[in-house]
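Here is how the chains run, residue by residue.
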Amino acid sequence: MRAAKICNNMILGATMIATCEAFALASKLRLDAQAFYDIASVSSGQSWSMTSYCPVPGVGPESPADHDYAGGFVTALMLKDLRLAIEAAASVDADTPLGTKARDLYEAFAAQGNAALDFSAINTRARRPDNSL
C-alpha cells in the first residue's frame, strides 16, 4: 500500500507543477484563467490537479487556492512522499526524472518558507494578469 501511495503522489506532485506552469503560461499569453480552465478541463490537459484541485483561486471547484492555500495537503507532506518515491526508485534502479524534478521544485518551495501551505501553492507562478492570485 505504501508503494502505491508514494507512486500516486509522485504523479500528483508532477501533475500539479505542470498544471501551475500551464496556468502561468496562459496568464502571460493573456488568456483568462477561467477560459483556460473551461477548455483544458475537458481536453487532453485534463487531470485531477486541474478539475478537482485547481491551483488558481476562483477557478474550478473550491480548493485550498480559494483559502490562501491553507488546509489541504501541505507542501511538507508532498515533499515527504516525493522523497520516499525517489528513494524507492533508487532502491530498484528506476529512472524517475520527472519525479526527481518535482521533488527538487518542492524542496526549493518549502525552503522558501512554504512548507505549511497546501502543495498547490507552488502555483505562485500562475498569477493572474493583474498579479493577484
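Keep in mind that this is a model prediction, so the values were computed, not measured. (Residues numbered from 1 in each chain as written. Predicted model: local features only at pLDDT ≥ 70, side-chain atom pairs only at ≥ 80, totals over all residues. Heavy atoms only, no water.)

Brief notes about unusual backbone geometry
Selection rule: Burial classes follow relative accessibility: with a 1.4 Å probe on protein chains only, a residue under 20% of its type's maximum area counts as buried, one over 50% as exposed, and anything between as partly exposed. A run of DSSP states H or I qualifies as a helix once it reaches four residues; a run of E qualifies as a strand once it reaches two. Both are numbered from the N-terminal end.
At Tyr 69, a residue that is not glycine, the phi angle is positive and equals roughly 65 degrees. For Tyr 69, a relative accessible area of 4% translates into the label buried. Even without glycine at this site, Asp 93 takes up a positive phi of about 55 degrees. Checked against the element boundaries, Asp 93 lands in the loop between helix 4 (75-91) and helix 5 (97-114). Taking relative accessible area as the criterion, Asp 93 reaches 74% and is therefore assigned exposed.

Here's the deal with the packing of helix 1 (residues 2-28) against helix 5
Stated precisely, the cut-off is as follows: Axes here refer to lines fitted to C-alpha atoms; in helices the fit is confined to the stretch in contact. Angles between the N-to-C directions go from 0 to 180 degrees. Convention used here: angles under 35 degrees read as roughly parallel, angles over 145 as roughly antiparallel, angles from 65 to 115 as roughly perpendicular, and any remaining angle as oblique. Note on convention: the crossing is left-handed when the near helix lies turned anticlockwise from the far helix by less than a right angle, right-handed when the turn is clockwise. What makes two residues a contact is simply this: any of their non-hydrogen atoms within 4.5 Å. Only Asp, Glu, Lys and Arg are considered charged in this grouping, and only Ala, Val, Leu, Ile, Met, Phe, Trp, Tyr, Cys and Pro are considered nonpolar; every other residue, Gly among them, is considered polar.
One can describe the packing of helix 1 onto helix 5 by two numbers: an axis separation of 9 Å at closest approach and a directional angle of 70 degrees. If you check the angle between helix 1 and helix 5, you find them roughly perpendicular. Crossing of helix 1 over helix 5 shows left-handed handedness. Residue-level inspection shows Met 10, Gly 13, Ala 14, Met 16 and Ile 17 of helix 1 in contact with helix 5, the latter providing Gly 99, Ala 102, Leu 105 and Tyr 106. When the residues that make up the contact of helix 1 with helix 5 are grouped by side-chain class, the tally is seven nonpolar, two polar and no charged.

Structural notes on the nonpolar core
Defined as follows: Grouping buried Ala, Val, Leu, Ile, Met, Phe, Trp, Tyr and Cys residues that are joined through side-chain atoms within 4.5 Å yields what is termed a nonpolar core.
Ranked by internal contacts, the top residues of the largest apolar core, which has 17 residues, are Met 16, Ile 17, Met 78, Leu 82, Tyr 106, Phe 119 and Ile 122. Mapped onto this core, the elements with two or more residues apiece are helix 1, helix 4 and helix 5. Those residues in contact with Tyr 106 that lie beyond four places of it in its chain are Gly 13, Met 16, Ile 17, Thr 75, Met 78, Leu 79, Leu 82, Phe 119 and Ile 122. Membership of the second largest hydrophobic core comes to ten residues, among which are Ala 26, Phe 36, Cys 54 and Val 59.

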